[in-house]
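Secondary and tertiary structure notes
Read off the chains here:
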Amino acid sequence: NGVLISTLASAASINHENYNPNVFRAGETPYARMRGLAQIAAQKHSDLRKWSGIIPDTDFGRSSWAVFSAALKEYVPAAGGEEPEILDPVVVPLFSSDYKNFITAAMRIPFEGLFHATYGADSITLFNQARPFGLTSKAKVIFDSGNEFVVAKAMKNQTPAWWGSIFWYHDNNKDNAVSQALYADYSAAFADMPPEGYIAEAHADIYAFAKAIEKAGSTETPAVVDALKGLEWETPTGRRFMRPEDNQAIKDVEAVY
């Protein structure tokens, strides 16, 4: 009997087969995120003919690769390139301390472009172990599903060069007053640490609740649910719209290199 706004959950099923009228996602869908990355890949690297991936053995990993690879086949020809060959990805376990066998398997694949979807500590372990194998130098370009600055903070100058999706980067939003105010407040509290994009997503969720309660004139669950459906509100990455039919926000997707 409550209301849940999901901050970062990426499973597509949230708004489909597991739809719950009291559950909302204020962030982008993984479908939109991976198609956005594929569109950048097509625009920047339409000459690459073979693509593979390293993905975790999860619903997120498999669905992300499925969307990204399918979108490549759509966007690359539209950008003037030939339809790329999609090679099987290497599927890796979560929370492993040893990825060497999987790295060896990846090195045998004749890819040019590489999609990567492991996360956090797994990414750090994988890429540290991959350095002697030359995995990152083998790839002409790497597209990461969304590690934010987590890996970069840990690996510093050993961080692979890649395109990555990010929930919020303040320099992408210099004309956004909400973004600049949030960045100023964060920087005053944590001057030595750049903000992760997750902060803006939590901020967007809180403001969605506030606007919905204001719109409803109530904090009762049915009233807030009704107010959230179709809600439009300002966030650090721009104006968002909560699609009433499936409780999914429509918003811009951001990426950095």
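So, on to the overall build of the protein. In terms of helices and strands, the protein carries nine helices and 12 strands. By the compact-globule yardstick of 18 Å for 257 residues, the protein fits well, its C-alpha radius of gyration being 19 Å. Here the protein holds 257 residues, and the buried ones make up 49% of them. Partitioning the contacts of the protein with sequence separation of at least 6, the portion at a separation of at least 24 is 67%. Carbon together with sulfur atoms contributes 54% to the accessible area of the protein, which is approximately 12200 Å² in total.

Turning next to the side chain of Asp 205. Relative to the helices and strands, Asp 205 is located in helix H8 (residues 198-216). Arg 240 provides the closest opposite charge to the buried, unpaired Asp 205, separated from it by 5.4 Å. Aside from chain neighbours lying at most four places away, what touches Asp 205 is Ile 5, Ser 6, Thr 7 and Ala 26.

As a further point, take the pairing of strand S10 (residues 238-243). If a strand is regular, its side chains alternate between the two faces of the sheet. As paired strands, strand S9 (residues 232-235) and S10 are joined by four bridges and run antiparallel to one another. For Trp 233, the partnering residue across the bridge sits in S10 and is Arg 240. Between S9 and the antiparallel strand that follows it, S10, lie two residues. Between the antiparallel neighbours S10 and strand S11 (residues 248-250) lie four residues, among them Asn 247 with a positive phi of about 60°.

Right, let's talk about H8 for a bit. Between its first and last C-alpha atoms H8 spans 27 Å; for 19 residues at 1.5 Å apiece the expected length is 27 Å, and the two agree. Among the residues of H8, Tyr 198, Ala 200, Glu 201, His 203, Ala 204, Asp 205, Ala 208 and Ala 212 are the ones counted as buried. Against the buried residues of H8 lie strand S1 (4-6), helix H6 (150-155), helix H7 (177-189), helix H9 (221-228), S9 and S10. After H8 finishes, the residue Gly 217 shows a positive phi value of roughly 70°.

Each full turn of the α-helix corresponds to 3.6 residues, which orients residues three or four apart in the same direction. Within the sequence span of H9, burial applies to Thr 221, Val 224, Val 225, Ala 227 and Leu 228. What you see down the axis of H9 is that its buried residues fit within an arc of 165°, all on one side. Facing away from the buried side of H9 by over 90 degrees, the exposed positions are Pro 222 and Asp 226. Turning to H9, the residues buried within the fold contact S1, strand S2 (23-25), H8 and S10. Just downstream of H9 lies Gly 230, where phi reads positive at about 80°.

Moving on: the environment of Asp 98. Here Asp 98 shows up in the loop between strand S5 (90-92) and helix H3 (100-107). Exposure remark for Asp 98: the relative accessible area of 40% places this residue in the partly exposed category. Remark: the alpha-carbon pair of Asp 98 and Pro 244, spanning 146 residues in sequence, is separated by 45 Å. Within the structure, Asp 98 has its side chain in polar contact with the backbone nitrogen of Lys 100 (distance 3.0 Å).

The rules we used
Residues numbered from 1 in each chain as written. Predicted model: local features only at pLDDT ≥ 70, side-chain atom pairs only at ≥ 80, totals over all residues. Heavy atoms only, no water. Helix = DSSP H or I, 4+ residues; strand = E, 2+ residues; numbered from the N terminus. Rg over C-alpha atoms; globule rule 2.2 N^0.38 Å. Buried < 20%, exposed > 50% of the residue type's maximum accessible area, 1.4 Å probe, protein only. Contact = heavy atoms within 4.5 Å. Areas by Shrake-Rupley, 256 points an atom, 1.4 Å probe, with all protein chains shown as cover. Lys, Arg positive; Asp, Glu negative; His and termini not counted. Salt bridge = Lys/Arg side-chain N within 4 Å of Asp/Glu carboxyl O. Pairing = 2+ DSSP bridges. Expected span 1.5 Å × (residues − 1). Arc of directions from axis to C-beta. Polar contact = N/O pair within 3.5 Å; in protein donor to acceptor, adjacent residues only side chain to side chain.

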